[in-house]
Amino acid sequence: MSIALSKLVDKIKPSFTLEMTARAAALREKGVDVINFGVGEPDFNTPSHIIEAGQNAIQDGYTKYTPGSGMLELKEAIQTKIENMTGIFYDTNQIIVSNGGKQSLSVACQALFEDGDKVIIFSPYWVSFPEFVTLSGAEPLLVDTLPKKQFEPDFDDLSEKLDPSIKGIIINSPSNPTGGVWSDEAIIKILEISKANNWVVISDETYEELVYDRQFTAIDNLNDVGAELITIRSMSKTYAMTGWRIGYTTADPVIVKAMSKIQGQTTSCPNAIGQKASVAALLGDQGPISEMKKKFKERRQIMFDELNSLDGVDCDMPGGAFYMFPDFSSYLNRQTKDGKILQDTFDLSDYILDTANVVTVAGDGFGAKGYLRLSFATSAEIIKNGIKRIEKSLKELK
Ligand code: PLP
């Protein structure tokens, strides 16, 4: 019997980054020595004081539903964190906590966009952005970026694509997949254009604490023009808390209320234990965060040097996150030993996995032909070993 699924299922694509993680896990289960540069999460464990807060939460009975938009205690911790960082005080009715930044983004898109709307997304984009927009009924409108300028917006391309149906714009600096950190000037320009055109700006600041070469400026401090701003942050990457599933949004109370209405009918509330652990994370010792950041910075340099030592590979230094986004286009249209021509980076990434047992992620999947994404959220030794293996496989191409 064929099961009739909804049209929505056909409209959205599965997360291929999660598929790559699953492929790596399946190979490991078979005993293959796989090196995984596909990971999108810190390899460090959650700091112990945060784990302890989670354990205490369970013991103390925080095992029930919480208010739909998050516990007051966590909203107050978020207020403190943001006020310390930006000097701006957000009222609790301007804050909503969700089950991860992914839910925050998805609910924000559903609250704001609908059929007939277009939403600007910069390419290369995090794989989920176009899907959030599509799920809301709106249409993603892709705009180019400048690879040699930390993948900042190509403002010429943006002005060519101006269209009255544009309702919003999604930005993400530091970026997944490129690691690019946009200059304050570029972000201010986005805010000005958005204000002039009456667009909503959704700023995904998931990687806010992972900026290596300068002080990060929160978008809240750049919005002098007063564009309609929705800022999304996450506990996942900063505090190595990907599995605890907590993200949060600051926005106008009307938007927060609309998001709470949708969230209340989908997941009721964010995870109670994760919320208690997040209070400890935001208000507690930030030492482990600086330690992790220091390690990431060292590994960034190692991976950068190793990648640039490969023939025909061009890699710029990303300013943030834990991803390198090198250009491997000189290896496209080359032939494998079995006579297969590598047409795109999906083929190249498969070839590297099959021959070197190294997981990379195809840039084609992020809207960037010829690029691969490699995560440096792994040890220096693994980075060196993995790039050596890739080099050997590349040398065998005709
Ligand atoms: N935004 C970006 C750019 C990401 O890379 C991720 C995770 O990979 C998220 C948001 C969502 O993170 P989480 O749902 O774990 O908070």
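Engineer: It is not clear to me how the site of the ligand should be interpreted in this structure. Could you clarify?
Structural biologist: Inspection of the region around the ligand gives 14 residues, with Gly101, Asp204, Ser234, Ser236 and Lys237 positioned closest. The contact in question runs from a nitrogen atom of the ligand to an N or O atom on the side chain of Asp204, over 2.5 Å. Ser234 places a polar side-chain atom, nitrogen or oxygen, 2.6 Å from an oxygen atom of the ligand. Burial of the ligand by the protein amounts to 93% of the accessible area it has alone, namely 400 Å². The element contributing the most residues to the shell around the ligand is helix α5 (residues 101-112), with three residues. Per-class residue counts for the shell around the ligand are three nonpolar, seven polar and four charged.

Engineer: Before we go on, may I ask you to explain the side chain of Thr66 in this structure?
Structural biologist: Its location among the elements puts Thr66 in the loop between α3 (48-59) and α4 (72-86). A polar side-chain atom of Thr66 sits 3.0 Å from a polar atom in the side chain of Gln275. Every residue in contact with Thr66, bar those within four places of it in the chain, is listed here: Met71, Cys269, Pro270, Ala272 and Gln275.

Engineer: Explain the sheet that holds strand β11 (residues 323-324) here, please?
Structural biologist: Picture the strands of a sheet paired through backbone hydrogen bonds; they go either parallel or antiparallel. If you walk across this open sheet you meet the three strands as β11-β14-β13, and the pairing is antiparallel. Where the open sheet ends on each side, the last strands, each with one partner, are β11 and β13 (361-362). Where β13 lies against strand β14 (residues 372-375), two bridges are found, and the strand directions are antiparallel. Looking across to β14, one finds that Ala362 is bridged to Leu372.

Engineer: What am I meant to see in a nonpolar patch on the surface here?
Structural biologist: Among the surface-exposed residues, Ile3, Leu5 and Val9 lie close enough to one another that they form a single nonpolar patch of about 330 Å² accessible area. Note on placement: Leu5 falls in the segment before α1 (7-11).

Engineer: What is the right way to look at the packing of aromatic side chains in this model?
Structural biologist: Each aromatic ring pair is summarised here by two numbers: the centre-to-centre distance and the angle between the ring planes. Scanning the entire structure with this criterion turns up 13 aromatic pairs. Pairing Phe44 with Phe296 gives two aromatic rings, centres 5.4 Å apart and planes at 70 degrees, and the pair type is edge-to-face. In this pair, Phe44 sits in the loop between β1 (35-36) and α3 while Phe296 sits in helix α11 (residues 287-308), placing the two residues 252 residues apart along the sequence. According to the relative accessible area criterion, Phe44 is partly exposed, its value standing at 22%. Their ring planes at 40 degrees and their centres at 5.2 Å tell us that Phe296 and Phe322 sit as a pair that is tilted. Taken together, the positions of Phe296 in helix α11 and Phe322 in the loop between α11 and β11 put the pair 26 residues apart, joining distant regions of the chain. With relative accessibility at 0%, the residue Phe296 sits in the buried group. Site record: aromatic cluster; members linked through ring pairs are Phe44, Tyr207, Phe296, Phe322 and Tyr323. The ring centre of Phe155 lies 4.3 Å from the NZ or CZ of Lys189, which sits over that ring. The aromatic ring of Tyr62 is capped on one face by Lys276, whose charged end is 4.2 Å from the ring centroid.

Rules used throughout
Residues numbered from 1 in each chain as written. Predicted model: local features only at pLDDT ≥ 70, side-chain atom pairs only at ≥ 80, totals over all residues. Heavy atoms only, no water. Near = heavy atom within 4 Å. Polar contact = N/O pair within 3.5 Å; in protein donor to acceptor, adjacent residues only side chain to side chain. Areas by Shrake-Rupley, 256 points an atom, 1.4 Å probe, with all protein chains shown as cover. Helix = DSSP H or I, 4+ residues; strand = E, 2+ residues; numbered from the N terminus. Nonpolar A, V, L, I, M, F, W, Y, C, P; charged D, E, K, R; others polar. Contact = heavy atoms within 4.5 Å. Pairing = 2+ DSSP bridges. Patch = residues over 30% accessible without salt bridge, like charges linked within 9 Å, V, L, I, M, F, W, Y side chains within 5 Å. Salt bridge = Lys/Arg side-chain N within 4 Å of Asp/Glu carboxyl O. Phe/Tyr/Trp six-rings, centres within 6.5 Å; stacked < 30°, edge-to-face > 60°. Buried < 20%, exposed > 50% of the residue type's maximum accessible area, 1.4 Å probe, protein only. Lys NZ or Arg CZ within 6 Å of the ring centre and 35° of its normal.

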